[in-house]
Amino acid sequence: MFGTVAHVMVGAVLGALFAVLAMQLRLREKRALVGGLVYGLAVMVLMSVLVLPVVAEMSGAGQPISRMGSDIGWLTWVVLHAIFGSALGILEPGGDIQY
């Protein structure tokens with residue numbers, strides 16, 4: 001249960017960070033969608049390469065956390081983070097997206 005709560009909280013913080021970045025960079029409409037997609041994939045890389053291995057070591061959870069991408073399949077891992085980023089881009093502050 002703790003892992004689920006932590007995952008949701010990290011996602012919320014990273015989503016809020018994207019909102020701040022999108023406002024600062026004035027990302028709107030299609031640029032927000034592309035920016036969100038790139039952001040979601042960047043989060044995936046950062047979490048997979050740096051954060052998850054460190055968390056696994058610190059928490060003693062070991063392999064299940066540090067190998068998350070390979071355990072569920074990299075294609076699934078990429079698609080899930082692409083959906084996360086795209087949703088952030090669609091829901092960017094300022095709204096009124098007309099594609």
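How each quantity is defined
Sequence order as written defines residue numbering, which begins from 1 separately in each chain. Under the rules for a predicted model, residues below a pLDDT of 70 receive no local features and side-chain atom pairs below 80 are neither given nor counted, while totals for whole chains, interfaces and linings still include all residues. Side-chain numbers here rest on the full set of heavy atoms in the structure, without hydrogens or water. Axes are fitted to the seven residues ending at a residue and to the seven starting at it; the angle between these axes is taken as the bend at that residue. The way it works is that DSSP assigns letters per residue, a run of H or I at least four long becomes a helix, a run of E at least two long becomes a strand, and they are numbered from the N terminus. Exposed residues in this analysis have more than 50% of their type's maximum accessible area, buried residues have under 20%, and partly exposed residues fall in between, with area computed by a 1.4 Å probe over protein chains only. The term nonpolar core refers to a set of buried residues drawn from Ala, Val, Leu, Ile, Met, Phe, Trp, Tyr and Cys, joined through side-chain atoms within 4.5 Å. Two residues qualify as a contact provided that any one of their heavy atoms is within 4.5 Å of a heavy atom in the partner residue. Only the contacting stretch of a helix is used when fitting its axis, a line to C-alpha atoms as for every element, and angles between N-to-C directions run 0 to 180 degrees. Working rule for angles: under 35 degrees goes down as roughly parallel, over 145 as roughly antiparallel, 65 to 115 as roughly perpendicular, anything else as oblique. Helix crossings are classified by the rotation of the near helix relative to the far one: an anticlockwise turn of less than a right angle makes the crossing left-handed, while a clockwise turn makes it right-handed. Under the scheme applied here, ten amino acids are nonpolar (Ala, Val, Leu, Ile, Met, Phe, Trp, Tyr, Cys and Pro), four are charged (Asp, Glu, Lys and Arg), and all others, including Gly, are polar.

> Report on helix α2 (residues 29-59), specifying residues and quantitative values.
At Met47, α2 shows its largest bend, some 50 degrees. Taken together, the buried positions of α2 are Ala32, Gly36, Tyr39, Gly40, Val43, Met44, Met47, Ser48, Leu52 and Ala56. Immediately downstream of α2, the backbone of Gly60 shows phi near 80 degrees, a positive value.

> Tell me about the nonpolar core, and please be specific about residues and values.
In this structure, Leu14, Phe18, Ala22, Leu27, Ala32, Tyr39, Val43, Met47 and Leu88 together form the largest nonpolar core, which totals nine residues. Those elements that place two or more of their residues in this core are α1 (2-24) and α2. Counting residues per element, this core draws most heavily on α2, at four residues. Contacts of Phe18, omitting those with residues within four sequence positions, involve Leu27, Ala32, Gly35, Gly36, Tyr39, Leu88 and Gly89.

> With reference to specific residues and values, describe the packing of α1 against helix α5 (residues 74-90).
At their nearest, the axes of α1 and α5 sit 10 Å apart, and the two run at 45 degrees to each other. Judged by the inter-axis angle, α1 sits oblique to α5. In this structure, α1 meets α5 at a crossing whose hand is right-handed. Contacts between α1 and α5 involve Gly11, Leu14, Gly15 and Phe18 from the former and Phe84, Leu88 and Gly89 from the latter. Partitioning the contact of α1 with α5 into residue classes produces four nonpolar, three polar and no charged.

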